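# A closer look at the structure
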Amino acid sequence: MISIATTFLWLFLITFCVSVAYSIKDVQFNFEEPNVSVTKSNELLFSSSTSILNKGYYNIDSFNLTTKVLDRESFTLACQSTFVPVIEKNKKTIVNHTVTVNFNDLLQNSQDYLFNDTELKLYMIVGMKLADVIPVQVSTNLSLPWGAPLYNFTIGKIRYGVDNATSVKATIPISFENHAPFDLNGTVKIKIYNNNDVFLGDGETSIEAPQGSSYQDYVEVSVKNAETISDSGRLEVYIQTSLFSYGPMVISYG
Amino acid sequence: MDEKSIGFRERLRRITLKILKATIKATLLYGVYFVLSMFLAPISDAVPGFQQMVETFVTVYLFLMILGEIASGTVFQHFFGAVKALFVILYLIFSLNGGVITLYFQGAQLMVDIRLFLMVAILLSLLGFAKSVLQAISFLNEKAQVESLKF
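For clarity, every value in this text was computed on a predicted model and none was experimentally measured. (Residues numbered from 1 in each chain as written. Chains lettered and ligands numbered in written order. Predicted model: local features only at pLDDT ≥ 70, side-chain atom pairs only at ≥ 80, totals over all residues. Heavy atoms only, no water.)

It is worth spelling out the overall build of chain A at this point. A tally of helices and strands in chain A yields three helices and 16 strands. Taking 2.2 N^0.38 as the reference for a compact globule, 254 residues should give roughly 18 Å; the C-alpha atoms of chain A span a radius of gyration of 29 Å, well beyond that estimate. Dimensions of chain A, computed from the C-alpha atoms along their principal axes, are close to 110 × 30 × 25 Å. By the burial criterion, 43% of the 254 residues in chain A qualify as buried. Across chain A, contacts joining residues at least 24 apart in sequence account for 61% of those joining residues at least 6 apart. Carbon and sulfur atoms make up 49% of the accessible area of chain A, which totals about 13200 Å². (Helix = DSSP H or I, 4+ residues; strand = E, 2+ residues; numbered from the N terminus. Rg over C-alpha atoms; globule rule 2.2 N^0.38 Å. Buried < 20%, exposed > 50% of the residue type's maximum accessible area, 1.4 Å probe, protein only. Contact = heavy atoms within 4.5 Å. Areas by Shrake-Rupley, 256 points an atom, 1.4 Å probe, with all protein chains shown as cover.)

Together, Val133(A), Leu116(B), Met119(B), Val120(B), Leu123(B) and Leu126(B) make up an exposed nonpolar region whose accessible area comes to about 480 Å². With respect to the helices and strands, Met119(B) occurs in helix H4 (residues 115-150). We classify Met119(B) as partly exposed; its relative accessible area is 46%. (Patch = residues over 30% accessible without salt bridge, like charges linked within 9 Å, V, L, I, M, F, W, Y side chains within 5 Å. Salt bridge = Lys/Arg side-chain N within 4 Å of Asp/Glu carboxyl O.)

Residues and elements named next belong to chain B. At a minimum axis separation of 8 Å, helix H2 (residues 50-70) and helix H3 (residues 75-95) run at an interaxial angle of 170°. It follows that H2 is roughly antiparallel to H3 by the angle criterion. Here H2 contributes Met53, Thr56, Phe57, Val60, Tyr61, Leu64, Met65, Leu67 and Gly68 to the contact with H3, which in turn contributes Gln77, Phe80, Val83, Lys84, Phe87, Val88, Tyr91 and Ser95. Here the contact of H2 with H3 is composed, by residue class, of 12 nonpolar, four polar and one charged. (Axes fitted to C-alpha atoms, helices over the stretch in contact; angles between N-to-C directions. Parallel < 35°, antiparallel > 145°, perpendicular 65-115°, else oblique. Nonpolar A, V, L, I, M, F, W, Y, C, P; charged D, E, K, R; others polar.)

Residues and elements named next belong to chain A. Counting across every chain of the model gives 20 aromatic pairs over all chains. With a centroid separation of 6.2 Å and an interplanar angle of 10°, the aromatic rings of phenylalanine 29 and phenylalanine 31 are classed as stacked. Measuring from ring centre to ring centre gives 5.7 Å for phenylalanine 103 and tryptophan 146, while their planes differ by 40°; the resulting arrangement is tilted. Taken together, the residues phenylalanine 103 in helix H2 (residues 103-109) and tryptophan 146 in strand E8 (residues 134-146) connect sequence positions 43 residues apart. Of the two residues examined, phenylalanine 103 and tryptophan 146, each falls in the buried class. Within the aromatic cluster, the residues linked to one another by ring pairs are Phe103, Tyr113, Trp146, Phe182 and Phe244. Sitting above the plane of the tyrosine 193 ring, arginine 234 keeps its charged end 4.0 Å from the centroid. (Phe/Tyr/Trp six-rings, centres within 6.5 Å; stacked < 30°, edge-to-face > 60°. Lys NZ or Arg CZ within 6 Å of the ring centre and 35° of its normal.)

Every contact between the two is made by 23 residues of chain B and, on the other side, 21 residues of chain A. Regarding the contact of chain B and chain A, the summed buried area is about 1900 Å², with carbon and sulfur atoms giving 76% of it. At the junction of chain B with chain A, the criterion picks out zero salt bridges. The interface formed by chain B and chain A includes five residue pairs in polar contact (both at pLDDT 80 or more). (Buried area = accessible area lost by both parts, 1.4 Å probe. Polar contact = N/O pair within 3.5 Å; in protein donor to acceptor, adjacent residues only side chain to side chain.)

Let us now look at H4(B). Taking 1.5 Å per residue, 36 residues should reach 52 Å; H4(B) reaches 52 Å between its end C-alpha atoms and fits that length. Among the residues making up H4(B), those that are buried are Phe117(B), Leu118(B), Ala121(B), Ile122(B), Leu124(B), Ser125(B), Ser132(B) and Ala136(B). Each element contacted by the buried residues of H4(B) is listed here: helix H1 (2-25) of chain A together with H3 of chain B. (Expected span 1.5 Å × (residues − 1).)

A separate point is the pattern of salt bridges. Residues and elements named next belong to chain A. The final tally for this structure, using the stated rule, is 10 salt bridges over all chains. Of the charged contacts in the structure, one is a salt bridge between arginine 234 and glutamate 236, with a shortest N-O distance of 2.6 Å. Pair check on accessibility: arginine 234 and glutamate 236 agree, each one buried.

Residue position: Thr67(A) is located in strand E4 (residues 60-70). In contact with Thr67(A), not counting residues within four places along its chain, are Ala78(A), Cys79(A), Gln80(A), His97(A), Val99(A), Leu122(A), Tyr123(A) and Met124(A).

Another point: the confidence of the model for chain B. All names here are of chain B. For chain B, per-residue confidence averages 86 on the pLDDT scale, and 95% of positions sit at 70 or higher. Within chain B, helix H1 (residues 2-46) has the poorest average pLDDT of any element, 81, and H3 the best, 91. For this predicted complex, the interface confidence score (ipTM) comes to 0.75, while the overall pTM stands at 0.73. (pLDDT = per-residue confidence, 0-100.)

Two numbers describe how H1(A) lies on H4(B): the axes approach to 11 Å, and their chain directions differ by 160°. The orientation of H1(A) with respect to H4(B), classified from their angle, is roughly antiparallel. Crossing angle aside, the handedness with which H1(A) passes H4(B) is left-handed. Listed contacts from H4(B) to Ile2(A), Ser3(A), Thr6(A), Leu9(A), Trp10(A), Leu13(A) and Cys17(A) of H1(A) are Phe117(B), Val120(B), Ala121(B), Leu124(B), Ser125(B), Leu127(B) and Lys131(B). When the residues that make up the contact of H1(A) with H4(B) are grouped by side-chain class, the tally is 10 nonpolar, three polar and one charged. (Left-handed = near helix turned anticlockwise from the far one by under 90°.)

Further remarks concern the sheet that holds E8(A). Read from one edge of the open sheet, six strands run E5(A)-E4(A)-E7(A)-E8(A)-E2(B)-E1(B), paired in antiparallel fashion. At either end of the open sheet lies a strand with only one pairing partner, and these are strand E5 (76-87) of chain A together with strand E1 (100-105) of chain B. Ignoring which end each strand starts from, the neighbouring axes of this sheet average 15° apart. (Pairing = 2+ DSSP bridges.)

The strands that make up a sheet are held in pairs by hydrogen bonds between backbone atoms, and each pair lies either parallel or antiparallel. All names here are of chain A. If you trace the four strands from one edge of the open sheet to the other, you get E13-E12-E15-E16, paired in antiparallel fashion. Strands with a single pairing partner mark the edges of an open sheet, and in this sheet they are strand E13 (199-209) and strand E16 (245-253). Between one strand and the next, the sheet's axes are offset by a mean angle of 20°, whatever the strand orientation. Relative to E16, strand E15 (residues 233-241) is paired through seven bridges, and the arrangement is antiparallel.

See the structure below:
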């Protein structure tokens, strides 16, 4: 009697396992490339859509998609999860998953993201329960290309000209390329110091660089005392945009 | 001479029957494995070494089953039954890595937690093991009773 019972239990167990394994084969996952955009609260938004077509014999329970955004030093910048309680069999479910990253958090560890095209690390974990009893977890590392908003930021040679009878006008050319996935709007402020660390003056200009465009302009600084001007010195650059504030960036001239 | 001849024929008949029974059982079990292996083909493609693992298991299991059938009517039948149950337990534990299987493919890590399945399988095997041990005790007990009745 025990033999018959155990045989039936074995058969049930093996059939169940085979059917679950066979069922997984008929589940289609379609992960779309993540998109990067900017939210109204000026945060970077990574969004991706995943469609799951469950043609298997069982429902998929506790579907959980977690994404961690990491910087180059593997410091976690953001971590968000999307939970779907049940993905019913013979149905297509679309899971929209978003992660928001504060741009200032990104800059806190490395300013490289401002000036150099690099990549962000994404660590994705997909967890689910097959047939109510078998937990499965898939994890993978992805890299997302990152375009710098101030790529190749360059300060050109300072030109001096007469402003009025008492002051001199310094013209500082600036240029960069906006490789970031967002438009850049803000201001650039430059302070000039001579080689004796004496403040000469400051000037500001507004910048408008749509994504993928090159920007070229100049900042005019009025220097009150022309005698303090020297061939060399330093510039302090402050960049203020709706997404981030950066500065002072010290650049030597001369 | 005549008694010996009948004894030999009877023994031959019994052994033939045992071998026949073992062959039928092994064929049936192999048939089940053959049908299941068709369903498991997609897993075998995805999991390297899976096919070999299942084949080794089936081979050893069939071998122990055939030995048990041939040894039926002796205490060794139960001994092989117990060995078979222990083999199933140990093989499942080691081959399934304690119930948490981790696989790597195309840069992704897949982790499947089948501890519940493993636990049920071990419990069923333990039941089989306990049954074999109890049957062996019962067999030896009956044999001892028969021996004592002869005296």
